[in-house]
Amino acid sequence: MTTPTRPSLDDPSLTIPVEHAGIFEPIPLARTERQREFYDLRDGEMLLNMGPQHPSTHGVLRVVLKISGEQVVDLDPVLGYLHRGVEKIAENSDFHHIISQLDPLEYVASLFCEWSPVMSFEKLLDVQVPRRAEYIRVLTGELNRIASHMLFMGWYALDLGGITPILWSFAERDEIVEILAAITGAKLLFNYFRIGGVNGDLNHEFMSRLGDWMSRAGAQLEAGMGLLNENEIFVRRARGLGVLDRETALRMCATGPNLRASGVPFDIRRAHPYSVYPELEFEIPTRREGDSLARYLLRMDEVRQSLRIIDQCLHQMPDGPVMARLPRLLRPRPGRAYSAVEGPRGQYSCYAISDGTDQPFRLRIHDPSFLHLQLVGLLMPGNLIADTMAIMASLDPVMGGVDK
Amino acid sequence: MTAYWNRLSVGSRAFLIIVPALLVVGAILTVAVALLLPPVLDFLGANLPLARFVAAAAAIIVVTIPVAFVIIYMELKVIAAMNLRVGPDRVGPYGSLMSVVHGLKVLAKEDFTPRGVDVPIFTLAPIVVFASIPLTMLVIPFAPGVFGQDFNIGLLYFFAIGGMSVVGLMMAGWASFNKYSLLGALRAAAQAISYELPLTLSVVGIIILAGTMSLNSIVQLQAGSFLDWNIWKQPLGFIIFFIAATAEANRTPLDMTEADQELVAGFATEYSGMRFGFFFFAEYVNVFVVSALSAVLFFGGWNAPFNWPFPVTLSLDPGGMGLGLIFLIALAPVVGTIILGLPFWLLSSRVSTLRALVIGFVLFNLLIVGAFMGWAFVSAAWVSGLVWMMLKTFVFVFIFVQMRGTLPRVRVDQLMSFAWKWLLPAALLNIFVTAIAVSILANR
C-alpha cells in the first residue's frame, strides 16, 4: 500500500508557467485542473491577492482575483484560516460542553449556533422545554438577530466607503449586547442556552435596560437606516449589483435573507415551526429583485419584524421554571436527531447521532455562511474590483461558520 | 592654568568654550554681511518680483504645515462628532495637539524602502506631490496685499501646477512595485484626465465675466456686499467647480485613488514614515487650497459680505493724554487684574486669592489681545480681509470634512460616466450661456 504524497513541484504537468509569475510571487502549486486553469493568465490579465489582511475582507478570508484592468474575470477563494475542527471537538466533549464549543462558529449571532444543537439534543433526550424558557430563547434570539443585522448594515456601508453608519449601528448593537450581557454574562460568546432550558431567568437589569431600549429603538433604528436608504450614491451602487435569481438561489442552497431577497418566501420559523414561533405574529418580508440593495433592505425589514416579535414576547411571557429537570450526566438513547433554526444568515441546522454514551457519535453542523460564500464565485465575475467586497458583504458570510 | 580649568564645573567649561567661539563667529559673520549685503540688496532691488517669489514660496511652505495640522484636527473632531464618538481628547486642551503628535509620529517612524521598488522614483514621488500643492497657494490672494504673486495668468498657473501632483501619484504607484498602488495610480490618472476638464471649463464663465485671469482682479471685481459675489452669476459653474474640485482633492465621495476598502491605501500602500507624511500633508493642504480657490472665485475672496453701515474710524492721540498715559500704562494691568479677578474671588469660596489673581491676569491679557485685534480688524484692511478669507475657506473645509463623514464612495465607472456625460456638457453649456449673456449685455 502506498502512502499518499504531496504533488511535487518537479512534476511538469502540475506547475504554473513560470513566465506568468512575478519576481516575488511564489509559483503556486496547482493541485487540481481548476487551479491550473485559474492560475494560467491570458494577455492583459493579472492576479490580485485580497486578504487575509486586506482592510475589508470579512474575517480572515483570502480571495485571489484574476483581473483584467479593473474588471474581475475570475476568482479563487482560499478558506481555512479559522478552521478548528469543531465537529471533531464535539465528538470528544460531553453534551453540556459542546454548547460553549459551538459559540465561536457564528460569533456575530452566537445564540443561533447554540440553539440548533441544543434543540437536537433535546429531541435525542425527549426533554420538554418549559414554555417560559422557550419565550426567553425567542426573545434573546431576536435581540441577537437585530444585533447581527445592525453589524451587517454598518459593514456593508463601510465596504461601500461610508464610515459613519457603522458607528451609528454599533451604538445600537452595543446597547443590545449590554442587554444580553445582563442575563448571559457575556457580550459576544453568550453560552446561554442549555439542554432543557436556558441558564438563568430574566433579571431586573435585563428588563429595565430592555424596556429603556425598546422605548426608543424603533426611532433610532429608522434614523440609522435613514443614513443609507435614501442616499443616492448608496442606492445607485447597490441596485442591480450581484443579482441572484430565484433558480440559482434554490440550486445553490441559499437560505435566509439571501433567498428571500430573490423572491422565495422560505423562513423556517414559518415553514417548519419550532419553539413558540407559531404563537407569535410576524411577517416574512420578501423581495423579488435579488440584488444587493434588496438583500440590504430585506434585512432592515427583518429588524422591524424582530422588534414586533420582542414586543409580543414581553407581553405573552408566562411564569414558570426556565429549566427542565434533568440529570447532570446526560446519556441519550442511541438514535439520530435533526433540528434547524432560522438564523440571521439563514438556515442553521444540526444533525446529531448518539451511540448511547455521554458524547455524541457524530455532530454534523450546517452553516449558511459556507453555502453563501459559494455564491460569490457566481456573482462576482464581470464586476469591478470596487464591488468585490460589496457583493461579498451583501451575502453576509461569517468566516467562523465557513471554516468551522 | 590647568589647575584653574580642573576646578571649574562642566557648565562653566562649556561657557568658557562657547562664548569666545560665538564672539569669533559673530565677528566673522558681521564682516561677511557688511561686505556681502550691499551687492545682495542691489540684486534683489533689481529683481524685486523674483525676491518676492522666493520669499513667498518659502513663507508658504512654512505656513502649509500648521494649516494641515488645523485641518487634520478639524477632521478628527468633526467626523468624531458625526460618528457619535468623542475624538481625540488626550493631547493638549480638547486634543488640539493631536495632529501635531501625528506629525511627530510620522517623522519618528521608520522610513522603509521595500524590496523591488524603483528607488529614485519612489523617493521623488512624495516630494513632487508635496511641492506642487503649496506652490498653487502662491497665486491665491488671502487679503489685500497678502499674496505670493499676482500673475496675469494666475488661474491657468493654478490648474497647471495643481495638475502636477497627479504626476507624483503616478510615480508613486508605478515605483511602489505593488498591484494595489498601480491600480490606485491608474485611477488617479484617469480621474485627473476626466475631472481637470470640467474643473477648468467651469471657471471660464468667471474669466469671461471678469475679463482677466488674475485672481487679485477677480476678487477686486467682487467688492461690495454679498450680492456682488460671483456665485449669483455663476451658480452652475460653482456646482461643477465644487464637484470637480472634490475629485481633484481626492476627497471622499470621489476618492478613487486611495479607496481603503478596495485598494488598501492606493498609491500610498508601500510608503511609511515621513514619505507617507508628505502625501498625508499634501492631501490636507490640497483641501485648504481648493477651498480657498472656491472662496476667491465664487464667494468674494477677502471682501466682507456686507458694506459697513457706518465708517469706523478710531483716532487715538496718545500724546494728548500727557502724564496720564504713563499712569495708564503702569496702573492698568494691576487694576485690571484685580477688577477682573474680584468676581471669582467673591463668588466662589473654592477659588483662593492667588488663583483669582491668576484668572484676573489671564482675562486681562485676553481682553488686551482682543482689543488690539479688534482695533487691527477695523483699521487695517489686510487683517479684516484675512479674517473674512479664512472664514470662507474654512466653511468649505468644513463641508469637505462633513462630506467625508456622510457619503459612501462612488464606483469608478460611475465616476467616469458622471464626469463625461454630465459635468462636461454642463460646463460647456455654462460657458455658452455666459458668453451669450455677456455679449448681449455689452451690446445694449
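Remember, it's a predicted structure, so these values are computed and weren't measured experimentally. Position labels on residues start from 1 in each chain and follow its written sequence. Whichever chain is written first is A, and whichever ligand is written first is 1; the rest continue in order. With pLDDT at 70 or above as the cut-off, local features in this predicted model cover only qualifying residues; side-chain atom pairs require 80 or more to be listed or tallied, and sums for whole chains, interfaces and linings still use all residues.

The next point concerns the overall build of chain A. Within chain A one finds 15 helices and eight strands. Relative to its length of 404 residues, chain A is compact, with a C-alpha radius of gyration of 23 Å against a globular reference of 22 Å. Taken along the three principal axes of its C-alpha coordinates, chain A extends 70 × 65 × 35 Å. Counting other C-beta atoms within 10 Å of a residue's own tells you its class, since 20 or more makes it buried, 12 or fewer makes it exposed, and anything in between is partly exposed; those C-beta atoms are placed from the backbone. Considering chain A as a whole, with its 404 residues, one finds that 46% of them fall into the buried category. We call two residues in contact whenever the C-beta atoms placed from their backbones are within 7 Å. Excluding contacts between residues fewer than 6 apart, the proportion of contacts in chain A whose partners are at least 24 apart in sequence is 68%. Comment: elements are numbered from the N terminus, with helices defined as DSSP H or I runs of at least four residues and strands as E runs of at least two. Only C-alpha atoms enter the radius of gyration; for comparison, a globular chain is expected to reach 2.2 Å times N to the power 0.38, where N is the number of residues.

Further remarks concern the pairing of strand 8 (residues 360-366) of chain A. Residue and element names in this part refer to chain A. Pairing analysis gives six bridges linking strand 7 (residues 346-354) to strand 8, with the strands arranged antiparallel. Bridging from a neighbouring strand, S354 pairs with P360 of strand 8. Whether two strands pair depends on DSSP finding at least two bridges between them. Between strand 7 and strand 8, which pair antiparallel one after the other, the connecting turn spans five residues, and G356 there sits at a positive phi close to 95°.

The domains assigned to chain B are domain 1 (111-309 + 413-443) and domain 2 (318-379). A straight line from the C-alpha centre of domain 1 of chain B to that of domain 2 of chain B covers 46 Å. Domain boundaries shown here were taken from an automatic or database domain assignment.

Glancing now at unusual backbone geometry. Glycine aside, residues mostly have negative phi, and peptide bonds are mostly found in the trans state. Within the chain, A:D126 stands out as a residue other than glycine whose phi angle is a positive 60°. Relative to the helices and strands, A:D126 is located in the loop between helix 4 (110-125) and helix 5 (131-159). One non-glycine residue with positive phi stands out, namely B:L84, at about 60°. With respect to the helices and strands, the residue B:L84 is situated in the loop between helix 3 (48-82) and helix 4 (98-108).

Turning to the nonpolar core, a few remarks are in order. Residue and element names in this part refer to chain B. V129, I140, A244, V285, F288, V289 and V296 are the most contacted members of the largest nonpolar core, which totals 198 residues. Looking at this core element by element, the count peaks at 17 residues for helix 13 (residues 273-298). Discounting chain neighbours no more than four positions away, the residues touching V289 are I133, T136, M137 and I140. Take the buried Ala, Val, Leu, Ile, Met, Phe, Trp, Tyr and Cys residues, join any whose C-beta atoms are within 7 Å, and the set you get is a nonpolar core.

Bringing the packing of helix 4 of chain A against helix 5 of chain A into the picture now. All names here are of chain A. Only the stretch in contact is used when fitting a helix axis, every axis being a line fitted to C-alpha atoms; angles between N-to-C directions are given from 0 to 180 degrees. Here helix 4 crosses helix 5 at 140°, and the two axes come no closer than 8 Å. The orientation of helix 4 relative to helix 5 falls into the category oblique. Counted together, L111, F112 and W115 of helix 4 and R137, T140, G141 and N144 of helix 5 form the full contact between these two elements. By the definition adopted for this analysis, an angle is roughly parallel if under 35 degrees, roughly antiparallel if over 145, roughly perpendicular if from 65 to 115, and oblique otherwise.

When the parts come together, some accessible area is lost, and that loss is often what is quoted as the size of the interface. Opposite the 23 residues of chain B that make contact, chain A presents 29 residues. Mapped by element, the contributors of at least two residues to the side of chain B that touches chain A are helix 12 (260-263), helix 16 (381-406) and helix 17 (412-443) of chain B. We call Asp, Glu, Lys and Arg charged. Ala, Val, Leu, Ile, Met, Phe, Trp, Tyr, Cys and Pro are nonpolar, and the rest, Gly among them, are polar. Within the side of chain B that touches chain A, the residues separate by chemical class into nine nonpolar, seven polar and seven charged.

Let us now look at the sheet that holds strand 2 (residues 62-68) of chain A. Two modes of strand pairing occur in sheets, parallel and antiparallel, and in both the strands are linked by backbone hydrogen bonds. Residue and element names in this part refer to chain A. Read across the open sheet, the three strands follow the order 1-2-3; overall the sheet is antiparallel. Strand pairing shows two members of the sheet lacking a second neighbour, strand 1 (45-50) and strand 3 (71-78), which therefore form its edges. Adjacent strand axes in the sheet meet at a mean angle of 20°, parallel and antiparallel pairs treated alike. Bridge count for strand 1 against strand 2 is six bridges, and the pairing is antiparallel. Looking at strand 2, one finds that M50 is bridged to V63.

For the rest of this paragraph, the subject is the environment of B:G162. Residues and elements named next belong to chain B. Inspection of the secondary structure puts G162 in helix 6 (residues 154-162). Separated by 101 residues in sequence, G162 and L263 place their C-alpha atoms 24 Å apart. Those residues in contact with G162, other than ones at most four positions away along the chain, are S132, T136 and E248.

Our focus in this paragraph is the sheet that holds strand 7 of chain A. Residues and elements named next belong to chain A. A sheet is described by the order of its strands in space; here three strands give the open sequence 6-7-8, paired in antiparallel fashion. Across the chains shown, the open sheet's two edge strands, defined by having one partner strand only, are strand 6 (335-343) and strand 8. Mean inter-strand twist for the sheet, computed between neighbouring axes without regard to direction, equals 15°. Across nine bridges, the pairing between strand 6 and strand 7 is antiparallel. Note that in strand 7 the partner of S339 across the bridge is C350.

Turning our attention to the pairing of strand 2 of chain A. Residues and elements named next belong to chain A. Bridge analysis of strand 2 against strand 3 gives seven bridges, and the strand direction is antiparallel. Along strand 3, the bridge assignment pairs I67 with V72. Linking two consecutive strands that pair antiparallel, namely strand 2 and strand 3, is a turn of two residues; a positive phi of about 70° is found at G69 within it.

Residue and element names in this part refer to chain A. Assignment of secondary structure puts P165 in helix 6 (residues 164-184). Residue P165 is classed as buried on the basis of its C-beta count, with 25 C-beta atoms lying within 10 Å. Setting aside residues up to four positions removed in sequence, P165 forms contacts with M153, G154, A157, G224, L227 and L228.

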